[in-house]
Structure formats: C-alpha cells, structure tokens
Amino acid sequence: MPEPKFRVAICGGGIGGLCLAVALSKDPSIEVSVYEAAQRFSEIGAGVMIWEKTWRILEIMGLTERFSKIAHAPPDGSIEVGFDHRRSDQPEEGFRFSLAEMPYGCIRFHRADFLDVFINNLPAGIAHFNKRLSFYGRSLSDSAIALHFTDDTTATCDLLVGCDGIKSTVRGQMYTEQAERIRAEGGDWQSLLDCIEPAWSGKTTYRGLIPAEKLSSGHRALRAPMKYCGKGKHVVSYSISQGSIVNVVTFASELEKEGTPYEGPWVTECSQQELLDCFTNWEPDVEELLKCIDKPTRWGIHHLKPLPFYVTDAVALLGDAAHAMTPHLGAGAGQAIEDAFILSFLLTHPDTDRGTLNTALRAYEHARLQKATRVLKGSWNAAIMCEFNSPEYGDDYSRLGDAIRRQWDWVWESTPESDADEAIQWLARALKI
Ligand SMILES: Cc1cc2nc3c(=O)[nH]c(=O)nc-3n(C[C@H](O)[C@H](O)[C@H](O)COP(=O)(O)OP(=O)(O)OC[C@H]3O[C@@H](n4cnc5c(N)ncnc54)[C@H](O)[C@@H]3O)c2cc1C
C-alpha cells in the first residue's frame, strides 16, 4: 500500500461523521478512521426531515436509490407541501394561515433507517467503537495529532474532525486553547469560553411515534407535514416509513428562560398526561394526535451560540459540534451533511496534501460558517414567528406565512455544486498567495 496523502480521524459517528466518512472513503489516497464513543452507531429520536439541497448532495454521493426506498415516499422533485401551518390553540376547529409548497416538499425518514444507509456504505474496518475521545495532543517532532481515549488507548492522525455532537469534546479543547492564547495576548478570551457550553433554549419538547392506522382516516397528519401553531407553542407532525408511522414533535417555549440552567436530564420518558396538560384546549386534530402517544419522551432543547471559527491547526468542527441549532427548520442534520460534502470536496481535491491541509480547512470554514450561522439564527426566528411572538408580524396572518417561508430561502439560493465550486476557487486563490 502506498503512503496515504494524509490520515483523517473522524471523532463521532452520527449523521455528520458518517456522511464525511462515506464521502472521504471514495478517495483511496486518504486514510479514514471513525472513532465512536458508543458500542455501536445509533440515533436517538424518531423522524428526520431534509430539503431539496440535502437531497441533491445525497444524489451527488450516489446514495439516493437507497434513500428513496426508506423515505415517506420516493422523492421525484414535484411540488409538494413543505409545511401546512394552522392556528390551533383553541378547542374548536382551527384554520390554515400558510401553506408552504416547494419542489420535493420535505423529505422524511425514520432516523435509524437514515443512519443505516451511511453505515451500509462505510468500508469495512474503518469504524472503532467504545472510543470516547478524552483529549488530543500535538507532536513536537512532526505535525501529527495524538488522540487519547478514555480507555487509555491512543491513535494518531494528520487531521482531526470533531463530529462529536452538541457537547463536543473537540470544541471544548479547541476553544479553551484559543481562549488561553487570546488571554495571553490581552484579548477578549471570555467570549470564546462562552462558546463551549450549549445553552438551554427555554424550549421543552415532547416526542412520540404513532402507527398511522391509529389515527382517524381523515386526519391531516396523514396527508401532509403539519405545523399546528399557538401562542408560545407548536406541534409538528409528519409521516415517515412509507407513510406507516406518524412522527410527532411538540414545542413549548419559555423565552425568558433562554440561557438559564436546564434542570434534569436532557432526554427522559414522561407521562402522557404531562403532554396532554401542555396542550389542553387545542383543536381536535391536535388532541387526537397527542392522545395516541402512550409513552412520550421529554427533551430540553439546547443550542450553541454562533461560533466565530470552526478550524484551528489540523482540527475542524463539523455538524452539531460546530452549529447545534434549535430544530425549527428541520435543518441540523442537513447542515451537517452540507459540511461533510464541502469538507470532503476540499480534502479530496488534488491541490490538498499535508502541506496545504490547513489552507483547505480555512476554505471549508469560509464556505460553511456564515451559511450555517444563518440557518442557526433562522431556526430560532422560525419558531418565534410560528408561535406568534414576532414583534414585527405578531398574528398578522397575511404577512406571517411569507415571512416564515423566507427562513428556508437558503435551500434554493445556491446549489451544492456552486458552493463546492466557490470553496475550490477560494482554495485556489489562497494557495497562489
Ligand atoms: C427534536 C429534534 C428534532 C430534529 N429534527 C431534525 C430534522 O427534522 N432535520 C434535521 O436536519 N435535523 C434535525 N434535528 C437536528 C439533528 O438531529 C442534528 O443536527 C444532527 O443529528 C447532528 O448530527 P451530528 O452527527 O453532528 O451529531 P450527533 O448526531 O450528536 O452525533 C455525535 C456522535 O458523536 C459521538 N460522540 C460524542 N462525544 C464523543 C467523543 N468524545 N468521542 C467519540 N465520539 C463521541 C456520539 O456518541 C454520537 O454518535 C433535530 C434535533 C432535535 C433535537
């Protein structure tokens, strides 16, 4: 075997890490290893939705045949409902105030099935389990990075990509080290430390899955992705698994509590009564939906501040490690896939080798940071609007629908190909200087 052009260690095997591993593994000159803390790859939660731009990436990666089979229905590009928004916080029948339609609509999956497609496309032997990264160190003699795991084993790589989720160990070390450096220079180090810990968004979510046959045949949740909206709360439902299951996610926002400590575990089981109590006197559709969830789980939704950088010397952040966001645009996993697509495009480019690796990382950051930050902020704003808390739109239904829809404009403003092209041009310019 010839010497690889470089060795990439992917820390964390969620959607972001596995997408990157699959994309990089197509280049035989790059050695890829995935280090996952758990005993096996797995997803918690139930449904996941993606939009046209993410679908295009999966198409470029040659994965859509498989994804089509596990979607709610095979996506064909026709105009479909993204979300049907209703006013629902009253006991009598509610009303639609906005119908967002778009090519492909929202493409929906069972999370476990979604992750399986990436798992099944991983080459044998690159995944290592029970490997929780504890910290990383730099070699004095060469540019290699030493990875130290909690089981006292080590590994080395030339590039470490932190795909280790919202509580990222890699982000913690990266930002602590940069803060120490800035402190020594007399700069604003505290703002970097503030980027490390995720903050509670003030939102509590209940989640559950319902066999479709449990719902009455005319129920709207069987027909289209629904957002049942009320003051300070909303309920999302959409079908997955070829329409056989309805995924339900509810949100209750206490905006004044944003950034305060969250008491208790982030995810836990709770009673159906607790869920019903949260949505008393909502319209009949919502009542029926929630009564079908026997064992809901309660989630404290956390998010990150927008980060000022994603990369330092031979270390990069990707997915939730870089931009964990509230889920109101159904976009966190899609953004992780966009990160993986752009980073893999840059790393597999002929101009990228050990000598130019850090320039490629800066091109990645340039291509992704602003775009992902915009989606992170848009996610927050989308919930403010659909929970009728927007100072600008309130419950002005005539303007609200359009304003909510604009939060998804990033899906169509550029294509994966044009984003990749821009990143490569940036790399080429940087390498000439
Ligand atoms: C209620 C809710 C609904 C959502 N709905 C959607 C949706 O519809 N569409 C969408 O696009 N997004 C959605 N999201 C967001 C999406 O789930 C996340 O953005 C996405 O799963 C992040 O993937 P990731 O790979 O970056 O991180 P994760 O999925 O968190 O994966 C991180 C991996 O790293 C491992 N790990 C952690 N620490 C270490 C360590 N120290 N060493 C080694 N391994 C480690 C973990 O075990 C895990 O496997 C939703 C989120 C929530 C909370």
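Heads up: the structure comes first, above all this text.
Here is what the cut-offs are and how they apply
Within every chain, residues take consecutive numbers counted from 1 along the sequence as written. The predicted nature of this model means local features are confined to residues of pLDDT at least 70 and side-chain atom pairs, given and counted, to a pLDDT of 80 or more, with totals for whole chains, interfaces and linings taken over all residues. The basis for every side-chain value is the complete set of non-hydrogen atoms in the structure, without hydrogens or water. Axis definition: a line fitted to C-alpha atoms, limited for helices to the stretch in contact. Angles are taken between N-to-C directions and run from 0 to 180 degrees. Secondary structure follows DSSP: runs of H or I at least 4 residues long count as helices, runs of E at least 2 residues long count as strands, and numbering of each begins at the N terminus. When describing relative orientation, an angle under 35 degrees is termed roughly parallel and one over 145 degrees roughly antiparallel, while 65 to 115 degrees is termed roughly perpendicular and anything else oblique. Left-handed describes a crossing whose near helix is turned anticlockwise from the far helix through less than a right angle; right-handed describes the clockwise counterpart. Note on contacts: a residue pair qualifies if any of its non-hydrogen atoms lie within 4.5 Å across the two residues. Following the grouping adopted for this structure description, the nonpolar residues are Ala, Val, Leu, Ile, Met, Phe, Trp, Tyr, Cys and Pro, the charged ones are Asp, Glu, Lys and Arg, and the polar ones are all others, Gly among them. Expected span of a helix, by definition, is 1.5 Å for each gap between consecutive residues, and there is one gap fewer than residues. A simple rule labels every residue: compare its accessible area, found with a 1.4 Å probe on the protein chains alone, to the largest value its type can have, and call it buried under 20%, exposed over 50%, or partly exposed in between. What qualifies as a polar contact is a pair of N or O atoms within 3.5 Å, subject to a donor-acceptor requirement within protein and to the restriction that residues adjacent in sequence count only when both atoms come from side chains. Neighbouring residues are identified by heavy atoms, a residue being near a molecule or strand if any of them is within 4 Å of it. Any two strands with at least two DSSP-identified bridges between them are counted as paired. Aromatic pairs are defined between Phe, Tyr and Trp rings, using the six-membered ring for Trp, whenever the two ring centres lie within 6.5 Å; interplanar angles under 30 degrees are classed as stacked, those over 60 as edge-to-face, and all others as tilted. To sit over a ring, a charge needs its Lys NZ or Arg CZ within 6 Å of the ring centre and within 35 degrees of the ring normal. A crossover counts as right-handed when, viewed with the strands pointing away from the observer, the path leading from the first strand over the helix to the second turns clockwise.

J.: Account for the packing of helix 11 (residues 357-386) against helix 14 (residues 416-432), with residues named and values stated.
T.: The description of two packed helices rests on the angle between their axes and on the distance between the axes. At their nearest, the axes of helix 11 and helix 14 sit 9 Å apart, and the two run at 140° to each other. If you check the angle between helix 11 and helix 14, you find them oblique. Judged by the sense of rotation from one axis to the other, the crossing of helix 11 with helix 14 is right-handed. In this structure, helix 11 contributes Thr359, Ala360, Arg362, Ala363, His366, Ala367 and Lys371 to the contact, and helix 14 contributes Asp419, Ala423, Trp426, Leu427, Ala430 and Leu431. Residue classes in the contact of helix 11 with helix 14 are distributed as eight nonpolar, two polar and three charged.

J.: Please provide a residue-by-residue account of helix 5 (residues 169-184), values included.
T.: In an α-helix, one turn spans 3.6 residues, which is why side chains three or four residues apart end up on the same side. The terminal C-alpha atoms of helix 5 lie 23 Å apart, and with 16 residues this matches the ideal 22 Å at 1.5 Å per residue to within 8%. Listed as buried for helix 5 are Val170, Arg171, Gly172, Gln173, Met174, Tyr175, Gln178, Ala179 and Ile182. Its side-chain oxygen placed 3.2 Å from the backbone nitrogen of Val170, Ser168 serves as the N-cap of helix 5.

J.: Residue-level account of helix 1 (residues 15-24), with values.
T.: Most of helix 1 is tucked away: 10 of the 10 residues are buried. Tucked into the core, helix 1 has its buried residues touching strand 1 (6-11), strand 2 (30-35), helix 4 (111-120), strand 11 (159-162) and helix 10 (332-347).

J.: So what's going on with the site of the ligand? Residues and values would help.
T.: Not every one of the 31 residues close to the ligand is listed here, only the nearest: Glu36, Met49, Arg111, Asp320 and Ala333. One of the side-chain N or O atoms of Glu36 is found 2.6 Å from an oxygen atom in the ligand. Note that a nitrogen atom of the ligand is positioned 3.2 Å from one of the side-chain N or O atoms of Thr169. When residues of the shell around the ligand are traced back to their parent elements, those giving at least two are helix 1, strand 3 (47-50) and helix 10. With three residues, the single largest contributor to the shell around the ligand is helix 10. Class assignment for the residues of the shell around the ligand results in 13 nonpolar, 10 polar and eight charged.

J.: Which residues make up the sheet that holds strand 19 (residues 315-317), and what are the values?
T.: Spatially, the six strands line up as an open sheet ordered 7-2-1-11-19-18, and their pairing is mixed. What marks the edges here is a single partner per strand, and that holds for strand 7 (127-128) and strand 18 (311-312). Contacts from helix 5 reach strand 1, strand 11, strand 18 and strand 19, with the element oriented near 120° to strand 19.

J.: If you had to explain the packing of aromatic side chains to someone new, which residues and values would you point to?
T.: In this structure the tally under the stated criterion is 18 aromatic pairs. A centroid spacing of 5.3 Å and a plane angle of 55° characterise the contact between Trp51 and Trp408, whose relative ring orientation is tilted. In this pair, Trp51 sits in the loop between strand 3 and helix 2 (52-60) while Trp408 sits in the loop between helix 12 (397-406) and helix 13 (410-413), placing the two residues 357 residues apart along the sequence. Feature note: the residues Phe67, Phe109, Phe114 and Phe118 constitute an aromatic cluster, connected by ring pairs. Over the ring of Phe279 we find Lys233; its NZ or CZ atom is 5.6 Å from the centre of that ring. The ring of Trp412 carries Arg405 above its face, with NZ or CZ at 5.0 Å from the centroid.

J.: So what's going on with the environment of His72? Which residues, and what values?
T.: Position of His72 among the secondary structure elements: in the loop between helix 3 (64-70) and strand 4 (79-87). Judged by relative accessible area, His72 falls into the buried class, the value being 13%. Remark: the alpha-carbon pair of His72 and Phe6, spanning 66 residues in sequence, is separated by 39 Å. Once residues lying within four places of it in the same chain are set aside, the contact partners of His72 are Glu80, Cys106, Ile107, Arg108, Ser239, Ile240, Ser241, Gln242 and Gly243.

J.: Please set out the sheet that holds strand 8 (residues 133-138) residue by residue, giving values where relevant.
T.: Overall, antiparallel pairing links the three strands, which are arranged 8-9-10 in an open sheet. Here the strands that pair on one side only, and so sit at the sheet edges, are strand 8 and strand 10 (154-157). Across the sheet, the axes of successive neighbouring strands diverge by a mean angle of 25°, strand direction being ignored. Here strand 9 (residues 145-149) pairs with strand 10 via four bridges, running antiparallel. Bridged to His148 within strand 10 is Thr154.

J.: Explain the pairing of strand 2 residue by residue, including any values.
T.: Of all six residues that make up strand 2, five are buried, and the element is covered over most of its length. The sheet contact formed by strand 1 and strand 2 spans six bridges and is parallel. Considered in strand 2, the bridge of Cys11 is made with Tyr35. For the crossover that starts at strand 1, traverses helix 1 and ends in the parallel strand 2, the hand is right-handed. In terms of strand pairing, strand 2 meets strand 7 through two bridges, oriented parallel. Within the sheet, the bridge partner assigned to Val34 lies in strand 7 and is Ala127.

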